[in-house]
Amino acid sequence: MSRPSAGRGKRHVWDDPQNVRRLIVFVFAACAVVALLDLAVHRHSPFEHGELALEGTWFFYAWYGFVSCVGLVLAAKLLRRLVMREPEYYRPPGEEPEAAERSPEGDP
């Protein structure tokens, strides 16, 4: 399956590599600003002196969010293996596969 913009002459904002670089720089700058604010802003944690004192450490929310995101991706990969169906599952019985599905090269 090809991209919708391929061959039509219509370019989108993310087709330009410079715009992608700008987005990446913006995201990293935003992360740096939030990390620096974590050093300067005092949070009032409800568990500051209890069993969850780890919540009061520097960059806790950054690494907790990262680990949670990685866990979600790994769980989604596992779930995909459990619920994924073969491509022929949705094809009506007796219908031939399309030429693109039979080609050994796959998608361009």
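The structure under discussion appears in the preceding block.
A. Quick peek at the overall build of the chain. Along the backbone of the chain there are 3 helices and 0 strands. Ordered by position in the sequence, the α and β elements of the chain form the string α-α-α. Out of the 108 residues in the chain, the part that is buried amounts to 6%. Just so you have it, the chain exposes about 10,200 Å², and 66% of that area is on carbon and sulfur atoms.

B. Spatial organisation of the layout of surface pockets. Considering only enclosed or pocket space, the largest pocket measures out at about 170 Å³ in volume. Every residue along the wall of the largest pocket is listed here: Cys 31, Val 34, Ala 35, Leu 37, Asp 38, Arg 43, Phe 59, Tyr 61 and Ala 62. Mapped by element, the contributors of at least two residues to the lining of the largest pocket are helix 1 (17-40) and helix 2 (60-83). Broken down by element, the residue count for the lining of the largest pocket peaks at 5 residues, all from helix 1. For the lining of the largest pocket, the class distribution of residues is 7 nonpolar, no polar and 2 charged.

C. Main features of the environment of Leu 54. Note on placement: Leu 54 falls in the loop between helix 1 and helix 2. The exposure class assigned to Leu 54 is partly exposed, which follows from its relative accessible area of 48%. Ignoring anything within four residues of it in the chain, the contact list for Leu 54 reads Phe 60 and Trp 63.

D. Structural detail: unusual backbone geometry. Although it is not a glycine, Phe 59 sits at a positive phi angle of roughly 60 degrees. Mapped onto the elements, Phe 59 comes out in the loop between helix 1 and helix 2. Given the relative accessible area of 33%, Phe 59 is considered partly exposed.

Cut-offs applied
Residues numbered from 1 in each chain as written. Predicted model: local features only at pLDDT ≥ 70, side-chain atom pairs only at ≥ 80, totals over all residues. Heavy atoms only, no water. Helix = DSSP H or I, 4+ residues; strand = E, 2+ residues; numbered from the N terminus. Buried < 20%, exposed > 50% of the residue type's maximum accessible area, 1.4 Å probe, protein only. Areas by Shrake-Rupley, 256 points an atom, 1.4 Å probe, with all protein chains shown as cover. 1 Å grid on protein atoms, 1.4 Å probe; cavity = no way out; pocket = protein on both sides within 12 Å on 5 of 7 lines; lining within 4 Å. Points joined across faces, edges and corners; volume = space filled by probe spheres on them. Nonpolar A, V, L, I, M, F, W, Y, C, P; charged D, E, K, R; others polar. Contact = heavy atoms within 4.5 Å.

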